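Listed below, chain by chain, are the residues.
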Amino acid sequence: MKNFSFVFFITLILIFIINLLIIVAWPTYSKLNQKKHSYTKEQIQLLNLNEKDLIILYNETWKNYDKFRFVPFIGHSEKDREGKFLNFTEENGRKVNRPENCIVNYYFYGGSTTFGYNVIDNQTISEYLQQFLGKNGCVYNHGRAYFYSKQENNLFINHIENGRKIDFAIFLDGLNERCGGYE
């Protein structure tokens, strides 16, 4: 019993020391990781950004991963974010450069592809549709990470119940449908 107590005590001390080392080293490790990105050559070519801007986009998209909040009836949702390349509000969705007054409104719903992960605001599918439409309509991007059709439909219903003027609702679905159990 004496040997067990000694081994147990030494184990607790080691765990304590390891945790202290992690607490001391983690801020340095985090700062070093914020100065790089993991985009491939093909992604870099498509994004057409310099190295500094690639790091900013990467950090706005993936770092500080507390970007979700709970919304009743829907589940998780993106938190409001304001950055150089990635902007999102719960009210208007991902930033789209649309005209002030619109006769026809197009609302996009979907997962991360619709949201536009790994691209800047003006490279999302919604932004390209807005550029195509010009002043003939307004496009709203309400894509969210990990969303599948049930959540998208619930968000759509919330928008209707809250009096949004939605002329066209466009749902872009794909891989997330498998995750929601609706194959």
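Residues numbered from 1 in each chain as written. Predicted model: local features only at pLDDT ≥ 70, side-chain atom pairs only at ≥ 80, totals over all residues. Heavy atoms only, no water.

Draft legend 1. The pattern of salt bridges, seen in detail. If you walk through the whole model with that rule in mind, you get seven salt bridges. Residue D53 is joined to K84 by a salt bridge in which the shortest nitrogen-to-oxygen separation is 2.8 Å. With D53 in helix α3 (residues 51-62) and K84 in the loop between β2 (75-78) and β3 (88-89), this residue pair connects regions lying 31 residues apart in the sequence. Given the relative accessible area of 12%, D53 is considered buried. Here R164 ties to E91 by a salt bridge, and the two come within 3.6 Å at their closest N and O atoms. One end of the pair, R164, is in the loop between α6 (149-161) and β7 (168-172); the other, E91, is in the loop between β3 and β4 (93-94), with 73 residues separating them in the sequence. R164 sits in the buried class, given a relative accessible area of 19%. (Salt bridge = Lys/Arg side-chain N within 4 Å of Asp/Glu carboxyl O. Helix = DSSP H or I, 4+ residues; strand = E, 2+ residues; numbered from the N terminus. Buried < 20%, exposed > 50% of the residue type's maximum accessible area, 1.4 Å probe, protein only.)

Draft legend 2. Quick look at the environment of K165. Here K165 shows up in the loop between α6 and β7. With 44 residues separating them along the chain, K165 and D121 place their C-alpha atoms 23 Å apart. Setting aside residues no more than four positions away along its own chain, K165 makes contact with I103, V104, N105 and Y107. A polar atom in the side chain of K165 sits 2.7 Å from the side chain of D167. (Contact = heavy atoms within 4.5 Å. Polar contact = N/O pair within 3.5 Å; in protein donor to acceptor, adjacent residues only side chain to side chain.)

Draft legend 3. View of α3. For α3, built from twelve residues, the straight-helix expectation of 16 Å at 1.5 Å per residue is met to within 8% by its first-to-last C-alpha distance of 16 Å. Turning to α3, its buried residues number three or more, namely D53, L54, I55, L57, Y58, N59, E60 and T61. Two to three positions downstream of the cap, the backbone nitrogen of K52 sits 3.1 Å from a side-chain oxygen, assigning the N-cap of α3 to N50. (Expected span 1.5 Å × (residues − 1).)

Draft legend 4. Seen up close, the nonpolar core. Judged by nonpolar contacts, V71, I74, Y107, Y109, C138, Y140, F147, L155 and I166 together constitute the single largest core of nine residues. Looking at this core, the elements that each hand over two or more residues are β5 (105-110) and β6 (138-143). Setting aside anything within four residues of it in sequence, one finds F147 in contact with I74, H76, G110, G111, E152, L155 and N176. Residues L47, L54, Y58 and I120 belong to the second largest nonpolar core, which totals eight residues. (Core = buried A, V, L, I, M, F, W, Y, C linked by side-chain atoms within 4.5 Å.)

Draft legend 5. Main features of unusual backbone geometry. One non-glycine residue, F73, adopts positive backbone phi at about 80°. Relative to the assigned elements, F73 resides in the loop between β1 (68-71) and β2. Owing to a relative accessible area of 52%, F73 belongs among the exposed residues under this scheme. A positive phi angle, near 75°, is found at N118, a position not held by glycine. Within the secondary structure layout, N118 lies in the loop between α4 (112-115) and α5 (125-133).

Draft legend 6. Structural detail: the state of the cysteines. Inspection of the entire model under this criterion finds one disulfide. For C102, the disulfide goes to C138, at an S-S distance of 1.3 Å. Separated by 36 residues along the polypeptide, C102 in the loop between β4 and β5 and C138 in strand β6 bring together distant segments of the chain. Residue classification places C102 among the partly exposed positions, given a relative accessible area of 22%. For C138, a relative accessible area of 1% gives the class buried. (Disulfide = S-S within 2.5 Å.)

Draft legend 7. Main features of the environment of F168. Within the secondary structure, F168 sits in strand β7. For the pair F168 and V139, spaced 29 residues apart in the sequence, the C-alpha separation amounts to 9.4 Å. For F168, the residues in contact, after removing those within four places along its chain, are V104, N105, Y106 and Y107.

Read these as geometric descriptors, not functional statements.
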